[in-house]
Amino acid sequence: MTQRPADRLGLDDLMGFVRAHGDGVLTTLGPQGEPQAAYLSLATTDRGELVLDARATSRTVTNVRRDARAAVVVGGPDGVTLQAEGLAEVVHGAERGRCADAYRTAFPQFAGSLLDPAIAVVRVRLTWARLGDYRTAAPVVREARLPW
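The text that follows walks through the structure, step by step, so that each part is easy to find.

A closer look at the overall build of the protein
Move 1: Of the regular secondary structure elements, the protein holds three helices and eight strands.
Move 2: The C-alpha atoms of the protein give 15 Å as radius of gyration, which agrees with the globular expectation for 148 residues (15 Å, within 12%).
Move 3: Taking the principal axes of its C-alpha atoms as reference, the protein extends roughly 50 × 35 × 25 Å.
Move 4: Scored against the burial criterion, the 148 residues of the protein give a buried share of 43%.
Move 5: Residue pairs at least 24 apart in sequence account for 66% of intrachain contacts in the protein once pairs closer than 6 positions are excluded.

What follows is the structure in structure tokens.
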């Protein structure tokens, strides 16, 4: 794999990749520490936070409320993958509004669900991300420790 210092993953690259794909797998930790994955629609804020919505009673939201550690994978079928780790939280108040706006912009078809009190908005603040392009014999990998 090739990784040069100039290949550091940038905020714009991360946001562009997530916005182009719009979905991925979020893994949280279950009650006994076991990984639990969910395929979800994912948006990003201008700060590079990932945003999703889920039923407040879902295991994803239950897990996030108990243990904030999360991992995300976006992409893959075309040979380019974003792998990321961070801390997830259910947001409220002004932060919920800001994150919901990013989600609504990405997915206007889901705007109505954000008005439902049974739907939680979850934000993942990334602490590490790696964008790997495996379409060539010498893969190119760019990585970042966050915050930016």
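Moving on, there is more to tell.
Here's the deal with the environment of L11
Move 1: In this fold, L11 is placed in helix α1 (residues 11-21).
Move 2: On the basis of relative accessible area, L11 is assigned to the partly exposed category, the value being 24%.
Move 3: Apart from the residues within four sequence positions on either side, L11 is in contact with D46, R47, G48 and W148.

Things to note about helix α2 (residues 59-66)
Move 1: Along α2, the residues classified as buried are T60, V61, N63 and V64. Around the axis of α2, the buried residues are gathered within 160 degrees of arc, so they sit on the same side.
Move 2: Check the buried side of α2 and you find it contacts β1 (23-29), β2 (35-41), β4 (50-55), β6 (80-90) and β7 (119-133).

What about the pattern of salt bridges?
Move 1: Counted according to the given criterion, the structure contains 14 salt bridges.
Move 2: Between D46 and R19 there is a salt bridge, and its shortest N-O distance comes to 3.0 Å. Taken together, the residues D46 in the loop between β3 (43-44) and β4 and R19 in helix α1 connect sequence positions 27 residues apart.
Move 3: D46 sits in the exposed class, given a relative accessible area of 61%.
Move 4: We classify R19 as partly exposed; its relative accessible area is 44%.

Side note on helix α3 (residues 93-106)
Move 1: Taking 1.5 Å of rise per residue, the 14 residues of α3 would be expected to cover 20 Å, and the 20 Å separating its terminal C-alpha atoms lies within 8% of that figure.
Move 2: On its buried side, α3 packs onto β2, β3, β4 and β7.

Considerations on the side chain of T81
Move 1: The topology assignment puts T81 in strand β6.
Move 2: Relative accessible area serves as the criterion here: at 13%, T81 is assigned to the buried category.
Move 3: Not counting residues up to four positions away in its chain, the partners in contact with T81 are F17, V73, V74, G75, G76, R130, L131 and G132.

Thoughts on the environment of V140
Move 1: As for its position among the elements, V140 is in strand β8 (residues 140-145).
Move 2: Among the residues examined, V140 registers a relative accessible area of 33% and is labelled partly exposed.
Move 3: Along the primary structure V140 and V80 are separated by 60 residues, whereas in three dimensions their C-alpha atoms are 9.6 Å apart.

Structural notes on the packing of aromatic side chains
Move 1: Counted under the stated rule, the structure contains three aromatic pairs.
Move 2: Each ring, one from Y103 and one from F107, has its centre 5.0 Å from the other, and the planes form 50 degrees; the classification is tilted.
Move 3: With a relative accessible area of 2%, Y103 lands in the buried category.
Move 4: Relative to F110, the ring of Y103 lies with its centre 6.4 Å away and its plane at 25 degrees, an arrangement referred to as stacked.
Move 5: Feature note: the residues Y103, F107 and F110 constitute an aromatic cluster, connected by ring pairs.

About the thresholds
- Residues numbered from 1 in each chain as written.
- Predicted model: local features only at pLDDT ≥ 70, side-chain atom pairs only at ≥ 80, totals over all residues.
- Heavy atoms only, no water.
- Helix = DSSP H or I, 4+ residues; strand = E, 2+ residues; numbered from the N terminus.
- Rg over C-alpha atoms; globule rule 2.2 N^0.38 Å.
- Buried < 20%, exposed > 50% of the residue type's maximum accessible area, 1.4 Å probe, protein only.
- Contact = heavy atoms within 4.5 Å.
- Arc of directions from axis to C-beta.
- Salt bridge = Lys/Arg side-chain N within 4 Å of Asp/Glu carboxyl O.
- Expected span 1.5 Å × (residues − 1).
- Phe/Tyr/Trp six-rings, centres within 6.5 Å; stacked < 30°, edge-to-face > 60°.

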